[in-house]
Amino acid sequence: MPKCRSLNFFIVDDDGSVIRTMTALLKKAGHKVAICRNGKTALKEIIKARPDFISIAIMMPGMDGLELIKELRAVKALDKTKIIILSGKAYEFDRKRSMEFGADAFITKPLNPDIFLDHINRICEDKVDVSFFGVRGTLPVPGKDAIKYGGNTSCVAMEFPKGQFFIFDAGSGIKKLSDKLLAQNRRRIDAHIFISHPHWDHINALPFFIPLYVQGNKFTFYGSSHGNLSTRELISAQMDGVYFPITIHEFASHVEFNDIKEETFKVDGITIDTMMLSHPGYCLGFRVHYKERIICYITDNELFPKDNENFEPGYVKKLLKFIHGADMLITDCTYADGEYAARIGWGHSPVSAVVDLANRAKAKNLYMFHHDPNQTDRDIDAKFKTARNLLKKKKSKTRVFAPAEGTMVKV
């Protein structure tokens, strides 16, 4: 991950081990560090130093962390200074209070050196890290023909500067995400999991997402109910003991389920719009608003040709409005044009229709997603070349990408 420019950090903490660890990490990354162990003393020194970044503990002698933030946020000269709370108090109440007082992030102790600098970079750049862990559709495809793009099914993660963590779909790619989180020794994970629909390629690896079985983690699910089946019932059905030996009752983390439809709601201060997509069953697309940026996750979705009896101009108009101006449009691009004719009505789109949609919606960046399992890396390369040529022919300002597993994009 690219690092920020050299910054001036001011650490306010009475824990010597935390100071030593943080100082070593920051100096190794090229930053300058000043230290104070008393909140009241730190106030005067910070106002004088005007640092770029301040790390504050909550429990300190002289003045506690929240009082210090309140005083600092009243100083106009420090308006652009980023403030993080680093605390051993992992309670949700303390995190929310810290944000209310003006903190830019809340990081729990003990300090995790594997992810600390990544988080600092996100706060510094004020960007969202969007990571792809599975880009295939229908079923996983291991083997020599799926090396470049990977063979796992749908899973995309978003991490925000303030620490919000979103996961979209739980196809086999979520196992890759699980492995990454374990390798980073992540603790007290608080994530929101959005399920577009309960077809197997979007939920089948959820039982292998190890953080669900770790006490202290928290996961909130969002998905649409199907008839009389709630999101909780849909998720638990594939783990009812017949299909899998472990049930959701074995989850040691705190888990909540929410049924959603076409609506607008907020999650940790981030606005999300949903839209029902053109796909068998109740399938939702998501539009995520972060400040002035828009990220759209649209899978699975069929764009019927105009001469087909199922073509609905009203739906296309609605979808164009939903994705208009997206900084990042991640969308179903399952088929090459030559493949689609024999697969009309299967719920997925050909490359030319997707390119036309992205161009008309004035999406800034198109990310091709949900590739057919029969397609090799060369086939996906060919779809990407077709998309690029079509956009060029249209003189479109939309840029196109074909992300692979492991691709991370900053938005």
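Above this note sits the structure.
Keep in mind that what you see is a predicted model, and the values were worked out from it rather than measured.

Engineer: How should the overall build of the protein chain be read in this particular structure?
Structural biologist: Helix and strand content of the protein chain: 11 helices and 19 strands. Taken against the 2.2 N^0.38 rule, which gives 22 Å for 411 residues, the C-alpha radius of gyration of the protein chain at 23 Å falls within 12% of a compact globule. Based on the C-alpha atoms only, the size of the protein chain along its principal axes is roughly 75 × 55 × 40 Å. Burial status across the protein chain gives 55% buried among its 411 residues. Summarising the internal contacts of the protein chain: among those between residues at least 6 apart in sequence, 69% fall at separations of at least 24. Each charge class in the protein chain was averaged separately, 59 positive and 49 negative side chains, and the resulting centres sit 9 Å apart.

Engineer: Before we go on, may I ask you to explain the pairing of strand β2 (residues 32-36) in this structure?
Structural biologist: Where strand β1 (residues 8-12) lies against β2, 5 bridges are found, and the strand directions are parallel. For F9, the partnering residue across the bridge sits in β2 and is V33. Running through helix α1 (residues 16-28), the crossover from β1 to the neighbouring parallel element β2 is right-handed.

Engineer: Even after reading the chapter, I still don't get helix α11 (residues 377-393), so can you show me in this structure?
Structural biologist: Think of an α-helix as turning once every 3.6 residues; residues three or four places apart then point the same way. Under the 1.5 Å per step criterion, the end-to-end length of α11 is 24 Å for 17 residues, consistent within 8% with the ideal 24 Å. Where the residues of α11 are buried, they touch α10 (351-360), β17 (365-369) and β18 (399-401). Just past α11, the residue K395 takes up positive phi, approximately 55 degrees.

Engineer: Please clarify how a nonpolar patch on the surface should be interpreted in this entry.
Structural biologist: Taken together, L182, I210 and V214 make up a surface patch of nonpolar side chains, about 210 Å² in accessible area. Assignment of secondary structure puts I210 in the loop between β9 (190-194) and β10 (218-223).

Engineer: Looking at this model, I keep getting lost on the packing of helix α3 (residues 65-73) against helix α4 (residues 92-101). Mind explaining?
Structural biologist: The axes of two packed helices give the description: the angle between them and the distance between them. It is the contact of α3 with α4, at a shortest axis distance of 9 Å, that shows an interaxial angle of 20 degrees. Comparing their axes, α4 and α3 come out roughly parallel. In this structure, the crossing between α3 and α4 has a hand that is right-handed. In contact with L66, I69, K70 and R73 of α3, α4 contributes R97, S98 and F101. Broken down by class, the residue content of the contact of α3 with α4 amounts to 3 nonpolar, 1 polar and 3 charged.

Engineer: Looking at this structure, I do not really get the sheet that holds β10. What am I missing?
Structural biologist: Pairing between sheet strands relies on hydrogen bonds along the backbone, with the strands arranged either parallel or antiparallel. On the basis of which strands lie adjacent, the open sheet formed by 7 strands has the order β11-β10-β9-β8-β7-β6-β19 and mixed pairing. A strand with exactly one partner marks an edge of an open sheet, and here the two such strands are β11 (254-259) and β19 (408-410). Between one strand axis and the next, the sheet turns through 20 degrees on average, direction left out of account. Across 5 bridges, β9 lies against β10 in parallel orientation. Its bridge partner being in β10, A191 is matched across the sheet by F219. Packed on one face of the sheet, helix α6 (residues 173-183) meets β6 (129-134), β7 (155-159) and β8 (165-168) and runs near 120 degrees to β6.

Engineer: For this particular structure, what's the right way to read the sheet that holds β2?
Structural biologist: Pairing is parallel across the open sheet formed by 5 strands, whose spatial order is β2-β1-β3-β4-β5. Taken across any chain shown, the strands that pair with only one partner, and hence form the sheet edges, are β2 and β5 (105-108). Strand-to-strand twist across the sheet, computed as the mean angle between neighbouring axes with direction ignored, equals 20 degrees.

Engineer: What is the right way to look at the pairing of β9 in this model?
Structural biologist: Regular strands place side chains that alternate from one sheet face to the opposite one. Burial runs high along β9: 4 of the 5 residues are buried. You can see the chain leave β8, run along α6 and come back into β9, and the turn it takes is right-handed.

Engineer: How should I be thinking about the packing of aromatic side chains in this particular structure?
Structural biologist: For any pair of aromatic rings, geometry is given as the distance between the ring centres together with the angle between the planes. Using the criterion set out here, one finds 20 aromatic pairs in the structure. A centroid spacing of 6.5 Å and a plane angle of 70 degrees characterise the contact between F166 and F168, whose relative ring orientation is edge-to-face. A residue is classified by how much of its surface remains accessible, and F166, at 0% relative accessible area, is buried. Taking the ring centre of F165 as reference, the NZ or CZ of R186 above it sits at 5.8 Å. The ring of Y282 carries the charged tip of K261 above its face, separated from the ring centre by 4.4 Å.

Engineer: Honestly, the pattern of salt bridges in this entry has me stumped. Any pointers?
Structural biologist: Where charged atoms from two side chains of opposite charge approach closely, those side chains can pair. If you walk through the whole model with that rule in mind, you get 21 salt bridges. The residue D273 makes a salt bridge to R287 at a minimum N-O spacing of 3.9 Å. Of this pair, D273 sits in strand β13 (residues 270-276) while R287 sits in strand β14 (residues 284-290); the two residues are 14 residues apart in sequence, bridging distant segments of the chain. The burial state of D273 is the same as that of R287; both residues are buried. Three or more residues joined by partner-sharing salt bridges are found here, namely R122, E125, D129, E159, R186 and K410.

About the criteria used
Residues numbered from 1 in each chain as written. Predicted model: local features only at pLDDT ≥ 70, side-chain atom pairs only at ≥ 80, totals over all residues. Heavy atoms only, no water. Helix = DSSP H or I, 4+ residues; strand = E, 2+ residues; numbered from the N terminus. Rg over C-alpha atoms; globule rule 2.2 N^0.38 Å. Buried < 20%, exposed > 50% of the residue type's maximum accessible area, 1.4 Å probe, protein only. Contact = heavy atoms within 4.5 Å. Lys, Arg positive; Asp, Glu negative; His and termini not counted. Charge placed at Lys NZ, Arg CZ, Asp CG, Glu CD. Pairing = 2+ DSSP bridges. Right-handed = clockwise from strand over helix to strand, strands pointing away. Expected span 1.5 Å × (residues − 1). Patch = residues over 30% accessible without salt bridge, like charges linked within 9 Å, V, L, I, M, F, W, Y side chains within 5 Å. Areas by Shrake-Rupley, 256 points an atom, 1.4 Å probe, with all protein chains shown as cover. Salt bridge = Lys/Arg side-chain N within 4 Å of Asp/Glu carboxyl O. Axes fitted to C-alpha atoms, helices over the stretch in contact; angles between N-to-C directions. Parallel < 35°, antiparallel > 145°, perpendicular 65-115°, else oblique. Left-handed = near helix turned anticlockwise from the far one by under 90°. Nonpolar A, V, L, I, M, F, W, Y, C, P; charged D, E, K, R; others polar. Phe/Tyr/Trp six-rings, centres within 6.5 Å; stacked < 30°, edge-to-face > 60°. Lys NZ or Arg CZ within 6 Å of the ring centre and 35° of its normal.

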